Amino acid sequence: MANSISGLSYVPNTPSSPWQVYLQQVDRVTPHLGHLARWVETLKRCKRVLAVDIPINRDDGTVAHFEGFRAQHNLSRGPGKGGVRFHPDVTIDEVMALSAWMTVKNAAVNLPYGGAKGGIRVDPRQLTRGELERLTRRYTSEIGLIIGPDKDIPAPDVNTNDQIMAWMMDTYSMNVGATATGVVTGKPIALGGSLGRREATGRGVYITARETARSLGFDIAGSRVVVQGFGNVGGIAARLFKAAGATVVGLQDVSGAVANDAGIDVDAALEHVASGGTLRDFKGVTPVSESEFWQIKSDIFVPAALENQLTETRASHIATRLVVEGANGPTTPAADDILHERGIVVVPDVIANAGGVTVSYFEWVQDFSSFFWTETEINDRLERILVEALKAVVHTAEKHKVSLRTAAFIIACTRVLAAREQRGLYP
Ligand code: GLU
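Residues numbered from 1 in each chain as written. Predicted model: local features only at pLDDT ≥ 70, side-chain atom pairs only at ≥ 80, totals over all residues. Heavy atoms only, no water.

Draft legend 1. Inspection of the packing of helix H6 (residues 232–243) against helix H7 (residues 266–274) at higher detail. With their axes 9 Å apart at the nearest point, H6 and H7 run at an angle of 155° to one another. Taken together, the axes of H6 and H7 are roughly antiparallel relative to one another. For the pair H6 and H7, the sense of crossing is left-handed. Together, Gly 235, Ala 238, Arg 239 and Lys 242 of H6 and Val 266, Asp 267 and Leu 270 of H7 make up the contact between the two elements. (Axes fitted to C-alpha atoms, helices over the stretch in contact; angles between N-to-C directions. Helix = DSSP H or I, 4+ residues; strand = E, 2+ residues; numbered from the N terminus. Parallel < 35°, antiparallel > 145°, perpendicular 65-115°, else oblique. Left-handed = near helix turned anticlockwise from the far one by under 90°. Contact = heavy atoms within 4.5 Å.)

Structure (structure tokens):
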């Protein structure tokens, strides 16, 4: 691994590392934390990071080894919570940053959780279903030391889904000798999953975009929307924007970027992708280059893929009014400054994509009480929580004259560090 760790104080080597981006965000919030700033070092390290070796039997009879991680950034406000991603670019640096963003996200929306994240460095498309299941089960066993319904609760993230969560739940349950549905969220409905969970992140992106657009004086109906990423977050968000009367003029998935000035038929594109196609071979769209994609004229741009996508160069050219972060960490701090100077509002990830973990929280509560809510109840509560959280962020931004991101960090870090202070140091 190219990066280095000294104790739990992690020193990243590359300036664009997600952990480095997170640290810069913490530096920006520190002057606004008053007396709690004395605890800020707490936020600049992970409480606990576990790196595991995951050996699996391949179908061809060979043995393959994969690297896996689970980082628990902060547990001051409750058990760890955050997804697990399967991606070839996963590093310990990335997982640490993602766990820290979960701390901030959970506190910004006031869910009773700390922040955690996991990942395996793997391209799941290269594995058969059996290999994927063995990988998931061995990973779950290895991190079984630190997860549990009252310790740390994983969930889906990039390239993981309800089937992976079912295998994780089953493996953990087998190891402890009792069915423990509350150990993961984002499960299939038949196994204690929650209605509305699969759509929740995309729905949250839509809700926060709608509210912010309204405050900027425009409606979703009649607006032009570009979405980068066409997975569980970007795909659902695009569908909801279209259903609300927006014209989706640009999309991008792993196959590349596509555009249609008159509007893309999002439902047909989703069906096409679900049956094994890609956006590039979808009819009714024109392939565009990456740089053209970032310059498509829009009212709302939703980065819903990976970190470090909205760079300085792209921030200087992007032709939109509102950026709503579906992905975690898509915008670099330098790009944030450029967008701010250009008058482009950014709804930060820790609010914009918090819908997923909010319904994860509902799922966990339902599992504990073995009493399940209707989809309407879930969507109504989700709407209420996100609208209130966003309102508080906008209010804080106005009061401190800072960006929505720094405002969300002020609210969240104040909650985390107040808990830190009140609990005191042990021993
Ligand atoms: N992976 C999602 C996120 O980044 C959801 C996490 C969860 O539900 O615990 O917010």
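Read on for the rest.
Draft legend 2. A look at the sheet that holds strand E7 (residues 115–121). Spatially, E3-E4-E7-E6 is the arrangement adopted by the 4 strands of the open sheet, whose pairing is mixed. Single-partner strands in this sheet number two, and they are strand E3 (48–57) and strand E6 (84–87). Across the sheet, the axes of successive neighbouring strands diverge by a mean angle of 20°, strand direction being ignored. Bridge count between E3 and strand E4 (residues 63–74): 10 bridges; the pairing is antiparallel. (Pairing = 2+ DSSP bridges.)

Draft legend 3. Looking closely at unusual backbone geometry. With an omega of 5°, the peptide bond between Tyr 426 and Pro 427 qualifies as cis. Here Ser 370, not a glycine, exhibits a phi torsion of approximately 50°, which is positive. For Ser 370, the position within the fold is in the loop between helix H12 (355–369) and helix H13 (375–400). Classification of Ser 370 as exposed rests on a relative accessible area of 59%. (Buried < 20%, exposed > 50% of the residue type's maximum accessible area, 1.4 Å probe, protein only.)

Draft legend 4. Fine view of the site of the ligand. With respect to spatial proximity, 14 residues lie near the ligand, and among them Lys 81, Lys 105, Pro 156, Asp 157 and Ser 360 are the closest. Here a nitrogen atom of the ligand and a backbone polar atom of Pro 156 are 2.9 Å apart. The contact in question runs from an oxygen atom of the ligand to an N or O atom on the side chain of Arg 197, over 3.1 Å. If the ligand stood free it would expose 290 Å²; the protein chains cover 96% of that surface. At the level of elements, helix H2 (92–108) and H12 are the ones that each hand at least two residues to the shell around the ligand. When the residues that make up the shell around the ligand are grouped by side-chain class, the tally is 4 nonpolar, 5 polar and 5 charged. (Near = heavy atom within 4 Å. Polar contact = N/O pair within 3.5 Å; in protein donor to acceptor, adjacent residues only side chain to side chain. Areas by Shrake-Rupley, 256 points an atom, 1.4 Å probe, with all protein chains shown as cover. Nonpolar A, V, L, I, M, F, W, Y, C, P; charged D, E, K, R; others polar.)

Draft legend 5. Representation of a positive patch on the surface within the structure. Together, Lys 47, Arg 48, Lys 151 and Arg 423 line one region of the surface with positive charge. In this structure, Arg 423 sits in helix H14 (residues 404–423). A residue is classified by how much of its surface remains accessible, and Arg 423, at 58% relative accessible area, is exposed. (Patch = residues over 30% accessible without salt bridge, like charges linked within 9 Å, V, L, I, M, F, W, Y side chains within 5 Å. Salt bridge = Lys/Arg side-chain N within 4 Å of Asp/Glu carboxyl O. Lys, Arg positive; Asp, Glu negative; His and termini not counted. Charge placed at Lys NZ, Arg CZ, Asp CG, Glu CD.)

Remember that the coordinates give geometry; whether it matters functionally is a separate question.
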